[in-house]
Amino acid sequence: MTNNITSIFLLGFPNLQNFTFLCFSLLVLIFCGTISGNLLIMVLYLVSKTLQSPMYFFITQLSLCDLLLTTDIVPVLLHTVLYGGTTITLIGCITQFSFFVTSECSECLLLSVMSYDRYVAICNPLRYHSIMSHVYCVLSVNVIWFLGFIVMLVYAISLYNLHFCGPQVIDHFFCDFEPLVKLSCSDTFIIHSQVLILGSVFVVAPFLVIAMSYVYIVITILKIPSNTGRHKAFSTCSSHLTVVSIFYGTLIIVYMFPTRGKSLTLSKFLSLMYTVLTPLLNPIIYTMRNKDFKEAFHKLIRKIT
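In short, a report on the structure. Bear in mind the structure is a predicted one, so any value in this text is a computation, not a measurement.

1. Some thoughts on helix H2 (residues 54-83)
And step 1. Between its terminal C-alpha atoms H2 stretches 44 Å, which fits the 44 Å expected from 30 residues at 1.5 Å a residue.
And step 2. The sharpest bend along H2 measures roughly 30° and falls at Thr-70.
And step 3. Of all 30 residues making up H2, 23 are buried, and the element is well covered by its neighbours.
And step 4. One or two residues past the end of H2 sits Gly-84, with phi positive at roughly 70°.

Here is the structure:
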């Protein structure tokens, strides 16, 4: 069936006319900082022998997720802010959402694997290296990216098979699921059922794994007799816990709370948290208090200079 629309207009933030240059400049700085920060983590991991551990390997994969999300969302957002909206083809819109889903699902799975890594490190330290072997880490990451690719195909094919009859306007800064599906005049029961099933598998289930891991981590930490030992144990997973809180906190607020009565502007700004700010904050959170990253960075600077 031929679609009545072939292109979509993203409204973005139409009420920012007086702050266009300021918002555009800020977003460019955030974009550059996100790309630089996440690339730096990946480079440091590759060149530094002190970072060759499962935890840092997973952090590099998280950086890869953040790079995928940033390059998928921010360039279109910049064009939207600069010109007060932007036109994107229907295929381009479906493609943008598909890559967005891949990044988000992969990040959920990665965060759950990272929580299991922290669980083993704190609750079963003597068997850490045998459980979190290089083969296990590489295999788990390959499975995560493969599943992310499968989810992307499922969404892309399902959305492509819908009949879109308009209107041609989405009041958002990127092609999110609900605004995109609202443009369709097909029966969306099946695709909404897919969202419920895939969301349970790739968002809710990883969150439960993370929650259970931290329950055991907290129980183990409380059994440590000295305050210094408890503080040291907790510090090894504080960065991961912060990232999980920010990531899942914004997802829950945007997608789990009822949309009725919620301001569209508020929803957009909350969406900015996990599409724009979280990819910037992740490398900062993981490197700011990490001695290994700081030492690796200083060694790299000395080599360059």
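2. A closer look at the state of the cysteines
And step 1. On inspection of all chains with the given rule, the structure shows 2 disulfides.
And step 2. Residue pairing for Cys-93: its cysteine sulfur links by disulfide to Cys-175, the two sulfurs lying 1.8 Å apart. Here the disulfide of Cys-93 and Cys-175 is left-handed, its torsion about the S-S bond being about -115°. Of this pair, Cys-93 sits in helix H3 (residues 90-123) while Cys-175 is found in the loop between strand S3 (169-170) and helix H6 (177-181), placing the two residues 82 residues apart along the sequence.
And step 3. Residue classification places Cys-93 among the buried positions, given a relative accessible area of 0%.
And step 4. Shown here is the disulfide that connects Cys-165 with Cys-185, its sulfur atoms set 2.5 Å apart. Of this pair, Cys-165 sits in the loop between helix H5 (134-160) and S3 while Cys-185 sits in the loop between H6 and helix H7 (189-222), placing them 20 residues apart in sequence.

3. Observations regarding the pattern of salt bridges
And step 1. Taken as a whole and judged by the stated rule, the model has 2 salt bridges.
And step 2. Linking Asp-117 and Arg-118 is a salt bridge whose minimum nitrogen-to-oxygen distance equals 2.8 Å.
And step 3. Taking the relative accessible area as the measure of exposure, Asp-117 reaches 1% and is therefore buried.
And step 4. For Arg-118, a relative accessible area of 8% corresponds to the buried category.
And step 5. Ionic pairing is found between Lys-268 and Asp-171, a salt bridge with its closest N-O pair at 2.5 Å. You can see Lys-268 sitting in helix H9 (residues 264-288) and its partner Asp-171 sitting in the loop between S3 and H6, a full 97 residues away along the chain.
And step 6. Here Lys-268 falls in the buried class, since its relative accessible area comes to 4%.

4. Regarding the sheet that holds S3
Hydrogen bonds between backbone atoms are what pair the strands of a sheet, whose relative direction is either parallel or antiparallel.
And step 1. Read across the open sheet, the 3 strands follow the order S2-S1-S3; overall the sheet is mixed. What marks the edges here is a single partner per strand, and that holds for strand S2 (86-89) and S3.
And step 2. The sheet contacts of H3 involve strand S1 (7-10), S2 and S3, and relative to S2 the element is tilted by about 90°.

5. Considering the layout of surface pockets
And step 1. Within this model, the second largest pocket holds a volume of roughly 500 Å³.
And step 2. Around the second largest pocket sit 19 residues that line it, and Met-55, Tyr-56, Ser-235, Thr-236 and Asn-290 are the ones nearest its centre.
And step 3. Those elements that place two or more of their residues in the lining of the second largest pocket are H2, H3, helix H8 (227-256), H9 and helix H10 (291-304).
And step 4. Tallying contributions element by element places H8 first for the lining of the second largest pocket, with 6 residues.
And step 5. Grouping the amino acids of the lining of the second largest pocket by side-chain chemistry returns 6 nonpolar, 8 polar and 5 charged.

6. Focus on the environment of Thr-102
And step 1. Among the structural elements, Thr-102 can be located in helix H3.
And step 2. Judged by relative accessible area, which is 6%, Thr-102 ranks as buried.
And step 3. Spatially, the C-alpha atoms of Thr-102 and Leu-11 are 24 Å apart, while their sequence positions differ by 91 residues.
And step 4. When near neighbours in sequence (up to four residues on either side) are disregarded, Thr-102 contacts Leu-68, Gly-148, Phe-149 and Met-152.

7. A few points about a positive patch on the surface
And step 1. A cluster of like positive charges, contributed by Lys-49, Lys-299, Arg-302 and Lys-303, occupies part of the molecular surface.
And step 2. Along the chain, Lys-299 turns up in helix H10.
And step 3. Residue classification places Lys-299 among the partly exposed positions, given a relative accessible area of 40%.

8. Topic: the packing of helix H1 (residues 20-47) against H9
And step 1. Packing of H1 against H9 leaves a shortest axis separation of 9 Å and a crossing angle of 45°. One finds that H1 runs oblique with respect to H9. Seen from above, H1 lies across H9 with left-handed handedness. Along its contact with H1, which presents Leu-27, Ile-30, Gly-33, Thr-34, Gly-37, Asn-38 and Ile-41, the element H9 presents Val-276, Leu-277, Pro-279, Leu-280, Pro-283 and Thr-287.

Scoring rules and cut-offs
- Residues numbered from 1 in each chain as written.
- Predicted model: local features only at pLDDT ≥ 70, side-chain atom pairs only at ≥ 80, totals over all residues.
- Heavy atoms only, no water.
- Helix = DSSP H or I, 4+ residues; strand = E, 2+ residues; numbered from the N terminus.
- Expected span 1.5 Å × (residues − 1).
- Bend = angle between axes of the 7 residues up to and from the residue.
- Buried < 20%, exposed > 50% of the residue type's maximum accessible area, 1.4 Å probe, protein only.
- Disulfide = S-S within 2.5 Å.
- Salt bridge = Lys/Arg side-chain N within 4 Å of Asp/Glu carboxyl O.
- Pairing = 2+ DSSP bridges.
- Contact = heavy atoms within 4.5 Å.
- Axes fitted to C-alpha atoms, helices over the stretch in contact; angles between N-to-C directions.
- 1 Å grid on protein atoms, 1.4 Å probe; cavity = no way out; pocket = protein on both sides within 12 Å on 5 of 7 lines; lining within 4 Å.
- Points joined across faces, edges and corners; volume = space filled by probe spheres on them.
- Nonpolar A, V, L, I, M, F, W, Y, C, P; charged D, E, K, R; others polar.
- Patch = residues over 30% accessible without salt bridge, like charges linked within 9 Å, V, L, I, M, F, W, Y side chains within 5 Å.
- Areas by Shrake-Rupley, 256 points an atom, 1.4 Å probe, with all protein chains shown as cover.
- Lys, Arg positive; Asp, Glu negative; His and termini not counted.
- Charge placed at Lys NZ, Arg CZ, Asp CG, Glu CD.
- Parallel < 35°, antiparallel > 145°, perpendicular 65-115°, else oblique.
- Left-handed = near helix turned anticlockwise from the far one by under 90°.

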